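Reading the structure
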Amino acid sequence: MYPFQHPDSPRTLRVVEETERSVYWIHMHADLVEAPGRACFSRRLVDEIIAYQRDLGARLRREQAMQTGSPLPHVVLASDVDVFNLGGDLDLFCRLIRQQDRAALLAYARQCVYGVYAFYAGLDAGAHSIALVQGNALGGGFEAALSCHTIVAEEDVQMGLPEVLFDLFPGMGAYSFMCKRIAPALAEKIMLEGNLYSAQELQRMGLVDIVAPKGEGAQAVEEVIRANRRIPHARAAMHQVRQLAQGITLEELMRITEIWVDTALQLGEKSLRTMDRLVRAQSRRGVTA
């Protein structure tokens with residue numbers, strides 16, 4: 001059992017560590033393979049991702065301190081089911097908003113921010129983060145992909161930020177991450193219209209790096225890793241340059257997520273009923289491996 005696994009249920013993560021190559025695969029929704037359900041960012045999934053990020057980051061830093069010339073680490077965020085991630089836990093949101101429990105909602109939002117920021121910051125260990133999107137990525141799922149340095153998406157997937165459907169906005173990093181790739185006006189348009197986009201459309205916008213044929217996403221990730229192996233120092237230096245020239249701070253993301261929490265707490269019953277309907281639709285459809 002991993003130290004970050006909750007003892008009272010199957011773990012939400014399936015981790016594959018290729019330590020000789022310094023490649024680490026984080027597969028979300030492992031608990032849904034045998035028991036289909038909503039592939040969203042439950043509190044348990046968020047907690048387990050963060051715990052693993054911290055554990056892996058600490059190990060990578062120790063290895064780097066002990067030896068020079070260690071390979072560039074790659075961390076791949078993927079899914080074990082037929083969607084990447086449907087976003088935040090709307091059922092939890094509804095309950096906390098109706099209870100006006102700001103502290104609990106803010107605690108959840110901050111945990112999500114810690115998770116996406118760790119991917120953006122390379123686990124504070126110079127790692128190259130890759131999102132492998134092999135199923136739809138909505139809301140927080142799209143935010144998680146955007147937080148990674150490289151996004152590889154299969155051609156049949158759709159991604160988007162539908163939070164405006166219930167009069168909310170994506171508050172765990174989407175705006176900051178998108179504005180490092182596209183113009184702020186286009187980022188705002190995407191957020192306020194709430195449309196879904198194909199991987200090809202997002203690639204043309206500059207929000208997806210590589211579009212792979214269906215079933216070939218993992219192979220495309222391997223090609224990214226091989227390409228980086230040829231230029232490890234340049235790639236590592238580029239991460240540092242990006243942080244200096246276009247850096248996003250944890251403080252910025254935390255302030256934005258506070259705005260999100262305060263906005264969410266103002267939502268009326270009409271918006272909450274829309275969330276309820278989305279939860280029921282997700283539950284009926286479910287996801288499978």
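Per an unreviewed UniProt entry, the protein chain goes by Enoyl-CoA hydratase and derives from Vulcaniibacterium thermophilum. According to its UniProt record, the protein chain has this under Sequence similarities (unreviewed entry): "Belongs to the enoyl-CoA hydratase/isomerase family."

**Details of the pairing of strand β6 (residues 150–154)**
The buried fraction of β6 is high, at five of five residues. Judged by which residues are buried, β6 turns out to be covered on both faces: Thr150, Val152 and Glu154 on one side and Ile151 and Ala153 on the other are all buried. Sheet topology note: the strand β4 (residues 128–133)/β6 ladder contains four bridges and is parallel. Considered in β6, the bridge of Ile130 is made with Thr150. Note: β6 against strand β9 (residues 210–212), three bridges, orientation parallel. Counted as the bridge partner of Ala153 is Val211 from β9.

**Observations concerning the packing of aromatic side chains**
The tally for this structure, following the rule as stated, stands at four aromatic pairs. Residues Phe93 and Tyr108 carry aromatic rings whose centres are separated by 5.4 Å and whose planes lie at 80° to one another, so their mutual orientation is edge-to-face. One end of the pair, Phe93, is in helix α2 (residues 90–98); the other, Tyr108, is in helix α3 (residues 102–120), and 15 residues separate them in sequence. Taken as a pair, Phe93 and Tyr108 share a single burial class, namely buried. For the pair Tyr117 and Tyr120, a centre-to-centre distance of 5.7 Å together with 45° between the ring planes defines the contact as tilted. Separated by three residues within a single helix, Tyr117 and Tyr120 lie in helix α3, roughly one turn from each other. Like Tyr117, the residue Tyr120 is buried in the burial classification. These aromatic residues form a ring-pair network of at least three members: Phe93, Tyr108 and Trp260. In this structure, Arg54 packs its charged tip against the face of Tyr114, placed 5.7 Å from the ring centre.

Parameters at a glance
- Residues numbered from 1 in each chain as written.
- Predicted model: local features only at pLDDT ≥ 70, side-chain atom pairs only at ≥ 80, totals over all residues.
- Heavy atoms only, no water.
- UniProt positions renumbered as here; feature names shortened; annotations may be inferred.
- Buried < 20%, exposed > 50% of the residue type's maximum accessible area, 1.4 Å probe, protein only.
- Helix = DSSP H or I, 4+ residues; strand = E, 2+ residues; numbered from the N terminus.
- Pairing = 2+ DSSP bridges.
- Phe/Tyr/Trp six-rings, centres within 6.5 Å; stacked < 30°, edge-to-face > 60°.
- Lys NZ or Arg CZ within 6 Å of the ring centre and 35° of its normal.

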